[in-house]
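Letter by letter, the chains look like this.
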Amino acid sequence: MTYDEAIIKKDDFLTYLDIERNVALNTYKSYQYDLNQFFTFWNTLNTNLPHSIQEAVPKFFMHLHNLKVQKSSIGRKVACFQSFVKYLHRNNIAINLKLTAPRVSKKLPTYLTTDEMTFMLDKLPDEMFFSKRPLRDQAILETLYATGVRCSELTHIKFQDINFDHKTILITGKGNKQRVVLFGNKAKEKLLKYIQTERVKDIKNHDSEYIFITPTSSRLTDRSLQQILQDLSKQLPFRKIVTPHKLRHSFATHLLNAGMNLRALQELLGHSSLSTTERYTHVTTKDLKELYHTMNPMEFLKK
């Protein structure tokens, strides 16, 4: 397959991922970036040589190796090309690429202690939040920890997704898979306080279906949320960088320490594989078998 032929198939593949596979936005953007990076590299090769995609791909990965690109990034690019090759095969285009992802040591999730979380949730004055919407930011902090949702999941929560009577939120996660998460009384109180005060002022003559918005009534972006937590981290006495994912890790770790069933936690986190959830067992002293007993998640979410 030549460069020009591959470019066309690349665009078809990305459309397939978006429309037919309906992959998560982050996955789509990552694969789009990886393929664009590859084709940019391929285009710089000596055009006098009849390079095929089979010849260009190994050169590309050798190039990445020489640049000392992180193994995790190379692993993602390998997965991208493996998916691309499968797509080509389904369209009767045989490409023989022997790619093996590098072995990457799994990092244990980092988390905040219960004392650190208590300080953040109960003892932070409004002035420690740099934004002009401290009630919104407090509600964000409480909701992230109470539900364990991802950053992008939280910023896309709509009014119709929340049931305040049952204290549940319908979350649309990776690959548009939906799950229901729970929250406690404190999260409910902070959400309602924000909605009834700051958010009312921000709506003005504009309407928004999203819960968390900016002063101009637009949906709060993932980057803005990360910046809010980054600014807050500078004010904390325990010198830890707070991120949405670190709050998610804290949520999972603290529930496991309280004895929650691994499979129940898997459901709350939206993990497709139980092995992903099992990463959190490093923080417990209980035998793994004891974690598989049936328990009600609501018991651990009441505050």
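Keep in mind that this is a model prediction, so the values were computed, not measured.

**Points about the pattern of salt bridges**
Scanning the model with the defined rule gives 11 salt bridges in all. Taking the shortest distance from any N to any O, the salt bridge between Asp34 and Arg76 comes out at 2.6 Å. With a gap of 42 residues between them, Asp34 in helix α2 (residues 25-44) and Arg76 in helix α4 (residues 71-90) connect regions that are remote in the sequence. Among the residues examined, Arg76 registers a relative accessible area of 30% and is labelled partly exposed. The buried category is assigned to Asp34, whose relative accessible area is 0%. What you see here is one network of salt bridges that share partners, running through Asp34, Arg76 and Lys77.

**Remarks on the confidence of the model for the protein**
Low-pLDDT stretches of the model should not have their predicted coordinates read in fine detail. Averaged over all residues, the pLDDT of the protein equals 83, while 87% of them reach at least 70. Throughout residues 284-303 the model reports pLDDT below 50, and contacts reaching past four residues in sequence, or to other chains, amount to 46 contacts.

**With respect to α4**
With 20 residues, α4 should cover 28 Å at 1.5 Å per step; its first-to-last C-alpha distance of 29 Å lies within 8% of that length. Buried within α4 we find Ile74, Gly75, Lys77, Val78, Cys80, Phe81, Ser83, Phe84, Val85, Tyr87 and Leu88. In this structure, the buried side of α4 is in contact with α1 (3-20), α2 and α3 (53-66). Within two residues after α4, Asn92 carries a phi angle of roughly 60 degrees, on the positive side.

**Points about the sheet that holds strand β3 (residues 178-182)**
The three strands lie next to each other as β1-β2-β3, forming an open sheet whose pairing is antiparallel. At either end of the open sheet lies a strand with only one pairing partner, and these are β1 (162-163) and β3. Sheet topology places β1 next to strand β2 (residues 168-172); two bridges connect them, and they run antiparallel. Paired with Asn163 across the bridge in β2 is Thr168.

**As for the nonpolar core**
Ranked by size, the top nonpolar core spans 53 residues in total, and within it Met120, Leu141 and Phe212 carry the most contacts. Counting residues per element, the ones that place at least two in this core are α5 (114-122), α6 (134-147), α7 (151-155), β2, α8 (185-196), α10 (222-233), α11 (244-257) and α12 (262-269). If one sorts the elements of this core by residue count, α6 sits on top with seven residues. Contacts of Phe212, omitting those with residues within four sequence positions, involve Arg136, Ala139, Ile140, Thr143, Leu154, Leu191, Tyr194, Ser218, Arg219 and Leu220.

Reading the values: the criteria
- Residues numbered from 1 in each chain as written.
- Predicted model: local features only at pLDDT ≥ 70, side-chain atom pairs only at ≥ 80, totals over all residues.
- Heavy atoms only, no water.
- Salt bridge = Lys/Arg side-chain N within 4 Å of Asp/Glu carboxyl O.
- Helix = DSSP H or I, 4+ residues; strand = E, 2+ residues; numbered from the N terminus.
- Buried < 20%, exposed > 50% of the residue type's maximum accessible area, 1.4 Å probe, protein only.
- pLDDT = per-residue confidence, 0-100.
- Contact = heavy atoms within 4.5 Å.
- Expected span 1.5 Å × (residues − 1).
- Pairing = 2+ DSSP bridges.
- Core = buried A, V, L, I, M, F, W, Y, C linked by side-chain atoms within 4.5 Å.

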